[in-house]
Structure formats: structure tokens, C-alpha cells
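# Secondary and tertiary structure notes
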Amino acid sequence: MDEKDLQNLLKTRIHQTLLPLFDKYNRDFSDLESLLKWKPIVLLIGNYSSGKSTLINELAGEDIQRTGQAPTDDSFTIITHEGADKAGEEIPGSSLVNDETLPFTNLKGLGEQLISHLHMKKVATPLLTDMAIIDSPGMLDSVTEKDRGYNYMAVIAHLAKLADLVVLMFDPLKAGTIKETYTAIRDTLPENAGEDRLVFVMSRIDECDSTSDLVRSYGTLCWNLSQMTGRKDIPHIFLTCSPDSPRPGLDITPWSQERDQLKNKILTAPKFRVFHILQDIDRQVNELQLTCEAMANFSSQVRTKLLDIAKLGSVATILAFFFSGLLSKLIFGFPEQSMLEALLQGEMSFVHLTFPLAGVTFVVMGFWIWLTRITFPRLLSQRLANPRSLVTLESDYRRHLWEKVEKHVLGLLRSAGLGQIFAAHNRNLNKIKKFLRKDLKEFYEKIR
Ligand SMILES: Nc1nc2c(ncn2[C@@H]2O[C@H](COP(=O)(O)OP(=O)(O)OP(=O)(O)O)[C@@H](O)[C@H]2O)c(=O)[nH]1
Ligand SMILES: [Mg+2]
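Residues numbered from 1 in each chain as written. Chains lettered and ligands numbered in written order. Predicted model: local features only at pLDDT ≥ 70, side-chain atom pairs only at ≥ 80, totals over all residues. Heavy atoms only, no water.

## A look at the pairing of strand β7 (residues 198-202)
Taken across its five residues, β7 has five buried, putting it largely inside the fold. Both faces of β7 are covered, namely the face carrying Leu198, Phe200 and Met202 and the face carrying Val199 and Val201. In this structure, strand β6 (residues 165-170) lies alongside β7, joined through five bridges in parallel fashion. From the neighbouring strand, phenylalanine 170 faces β7, where its bridge partner is methionine 202. Chirality of the crossover, the property in question, places the unit of β6, helix α8 (residues 179-192) and β7 among those that are right-handed. When β7 meets strand β8 (residues 237-239), the two strands line up parallel, connected through three bridges. Residue pairing across strands places methionine 202 opposite leucine 239, the latter belonging to β8. Between the parallel elements β7 and β8, the chain passes through helix α9 (residues 211-229) in a crossover that is right-handed. (Buried < 20%, exposed > 50% of the residue type's maximum accessible area, 1.4 Å probe, protein only. Helix = DSSP H or I, 4+ residues; strand = E, 2+ residues; numbered from the N terminus. Pairing = 2+ DSSP bridges. Right-handed = clockwise from strand over helix to strand, strands pointing away.)

Next up, the structure:
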């Protein structure tokens, strides 16, 4: 079974098993839906003039993107092959964000300015049949959302979520000191692209005057990366340069192998699509599981309270049935003969049931008011004040998951009513656990 078939199988299974569960807990499923819709994607981001478009032209085998020494691209360009007859076709952003078969509909919310800075170009090379590469505007230093006209980081976040590989490009002159790059690495990428989907590249290394110059630039980039990621272990950084633009007389043979490895990594990214989807499902279903656990515990606590009240209520109801007539007679002097007296004297009639039934109604109503006006609201406000008490957070992993779902659980609790008594959270929890234990495992085994 190839990647495409596996993706389709996964799509069917998800629609059958998971979608109804996500719906029940109001969880947004659009990110995963977007992933399932289209082909694998590689996103190229990085400093302006770091050589993104040059690398794309090299991969496409034609000069599809403009290149230049100053900030050149101001648009996001999706480049793909969709049949030789379509080569050269360009599709504007307005069509892309309205096409439900493409995964870009969520970008619509980021505004008109972005839509006018988005388009798709279809190319001749069949190498890009089963994938798309996205070229992006270079990252700049002192630039604000107002300057760009749209929220650049939000676009990067959205596209990074979709991408199976995110290539982050630097050049020796600006080895990571650019503000937008800093924000992307520090805040945007960790949330939206797993570390295993991130590739670091220092391009244009032919422009270093000497080996010591290159080592210095590499060292600067490593230092800046460690500052940005907050980690001391440095990821692999591809050191490359374009075969077309080395300085005259410079031998780039030692670096050409690294360039080939990078291109190979990009072109084989489609292989990671199913793995990427599985990773995403894994995370989302674990979040759903924690949400469901919290709600299951809440509904079981409501049930326990109800049971306590019901026990007390039943005793009170029995007492009210037998003694309300007698009590009324003692306090108010009527009825003349209570039900108990009538029973003992063998004179029981329907009239004697009036006080017992009124007593029972009074007690039941009292307990109902107690439950709905006092006990349930009190329990709800206690849990709203400390939703963590609804789950056990024994590991860092679960604590991290909880941070992501806590707000959502609070929303579910706020809209929860007494109907929680009947909610089938435990059945849902079992379905989720079964999916994680069986279905997901089977898919992971299939791609091994
Ligand atoms: N010497 C040398 N020049 C390069 C290399 N790669 C790209 N260039 C040149 O560097 C300039 C910038 O390259 P681009 O590909 O336009 O860079 P970019 O990252 O797309 O830039 P923006 O679109 O502005 O973000 C161009 O003039 C390229 O010809 C390289 O490896 N070595
Ligand atoms: Mg460019």
C-alpha cells in the first residue's frame, strides 16, 4: 500500500470513528481535515535573500520565481505540478482560499491583504506531482503587521501546520539575527511544526571569503539558534550553495553533496505525510481523551451527588407519605383523621391520600430545588474554579496536554447542565482509548 492509499484509508477511518467524537466535544477538527485534503507540502521560510527562491527554481528546473539581492518576494507562492498541459497556469489567492478541495480555506480569515499576496503556480516538472513547495516572503527585521498588511506569523503558523517539512533558510551575512526569524523560531514554529519536521539550512556559503569566515558564520548561527530555541543541542544545519552562483574559481564540490542531500530531503518529504498525519491525530486524540476524562469525572461527580440526594430524598418521601397527615393534624388540627389512623382503624379511603400525596410532592420539589439550585451550581462553580481536579496529571506529557485543553474543558463545563448525568462520556472514552490502542497502532505499524 503506497502513501496515497494509506492517506485515503486513514481519512475514511477518521471520518467513521473520530469525527463524531470530535463533534460531541466541540473540538475543532479543521486542521486535520486540511491535512487529509491535499498533497504533501514543503514550506520554505527564512531571511530575505537567503536563497529560497533560487533553491525552488533549481528544484523546479525552471526560473519560476524571481530572485534578487534585496527583499524580492512579497507573496506566498504555492508551486506544484498538475499535468503538463497546466504548466504555466497561475491561480490567484481568492480562488485558492475558496476552493474546498484545497487546504487553504482557513487563510481566508487572515484578510484581503494576505489573499492578494497568495497564489499558486503550476510547473512542468513531474518531480512536483505528488507534492507542493511553498515559497514565502523573506523574513525582515523591523517590520510590523501594519507594514505587511496582514499577520505574517499567523500565516507561517498556519502553513507550518500543513507542511510535512519546513525548511528554514539563513545566509552567512544574517545568521539568525533577524527579528521575524527570532519570533518564528522562538514562538511560532514550536507550536505548529514538530522538531522532526524542521530543517535548518545555511545557504550562500560560497560567499564566505575563507574557511575561517564560514566557521565564524556557522558558529554565530549555532549560538543564535541556541538562544532562539533555548536548547543547547544544535540540530543538523545543511551548509549549501547554489551550483549556479559560486564565486569564480571557487571549488564547490565538497558542498554539492550537501546540496543534493537537501534537495533529496525536500523531494522525499511526501513519505512523511502519513507519519505527519498520524502524529497530529495522536496529539489531537490524546487531547480529546483528556477532555473526555475531565467530563466523565465531572458527570460521575454529579451522579454521586444526585445519588446522595436521592437516598436522602427517598427516606424523606416515605416519611412524608406516612406522617404528613399526622404532622398536619398535630400542628394545624386537620385533617380530622390522618392516613395512618385510618389505616389502623380500617377506614382507609382515597380522601386520606390527599395529605400523603401533597407531602410527597412537597418533599420531591424541595429536593429537586436543592439539587438544581444549590448542589449542582455549587459543584459546578467548584470545578470551574479548579478544573485540574477533574483529571490526574501525573506526567509532564499530560500536564502539557492539559494546558492546551483546559480552556476548552472550562467552556464545556460552563455549558454543562444536569443532563451530564446521562452523558455517555465513559463509552466515548472507551472508543477513544480503543482508537489509540488499536487503530492508531496499526497505522503506525503500516508505515514502519
Ligand atoms: N553566491 C550565491 N548567491 C546566491 C546563492 N543562492 C542565491 N543567491 C543569490 O542571492 C540572491 C537572493 O536569492 P533569492 O533566491 O532571491 O533569495 P530569497 O530567499 O528568495 O529572497 P526573498 O525572496 O527576498 O526572501 C539572488 O541574487 C541569488 O542569485 C548562493 O548559494 N550563492
Ligand atoms: Mg524569494
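Now that the structure is up, let's keep going.
## A short note on a nonpolar patch on the surface
There is a patch of nonpolar side chains on the surface, built from Val315, Ile318, Leu319, Phe322, Phe323, Leu343 and Met348 and spanning about 620 Å² of accessible area. Examining the composition of the nonpolar patch, we find that five residues originate from one element, helix α11 (residues 273-332), more than from any other. As for its placement among the helices and strands, leucine 343 is situated in helix α12 (residues 339-344). (Patch = residues over 30% accessible without salt bridge, like charges linked within 9 Å, V, L, I, M, F, W, Y side chains within 5 Å. Areas by Shrake-Rupley, 256 points an atom, 1.4 Å probe, with all protein chains shown as cover. Salt bridge = Lys/Arg side-chain N within 4 Å of Asp/Glu carboxyl O.)

## Some details on unusual backbone geometry
In this chain, phenylalanine 334 is followed by proline 335 through a cis amide linkage whose omega measures 5°. The residue proline 335 is located in the loop between α11 and α12 in this model. Residue serine 49 is not a glycine yet carries a positive backbone phi of 60°. Along the polypeptide, serine 49 turns up in the loop between β1 (41-46) and α3 (52-60). Taking the relative accessible area as the measure of exposure, serine 49 reaches 13% and is therefore buried.

## Quick word on the coordination of the magnesium ion (ligand 2)
Protein coordination at the magnesium ion (ligand 2): the donors are Ser53 (OG) and Asp73 (OD), at 1.8 to 2.0 Å from the metal. In this pair, serine 53 is assigned in helix α3 and aspartate 73 in the loop between α3 and β2 (76-80), connecting sequence segments 20 residues apart. The residues serine 53 and aspartate 73 share a single accessibility class, namely buried. (Donors = N, O, S within 2.8 Å, 3.2 Å for Na, K, Ca; no water.)

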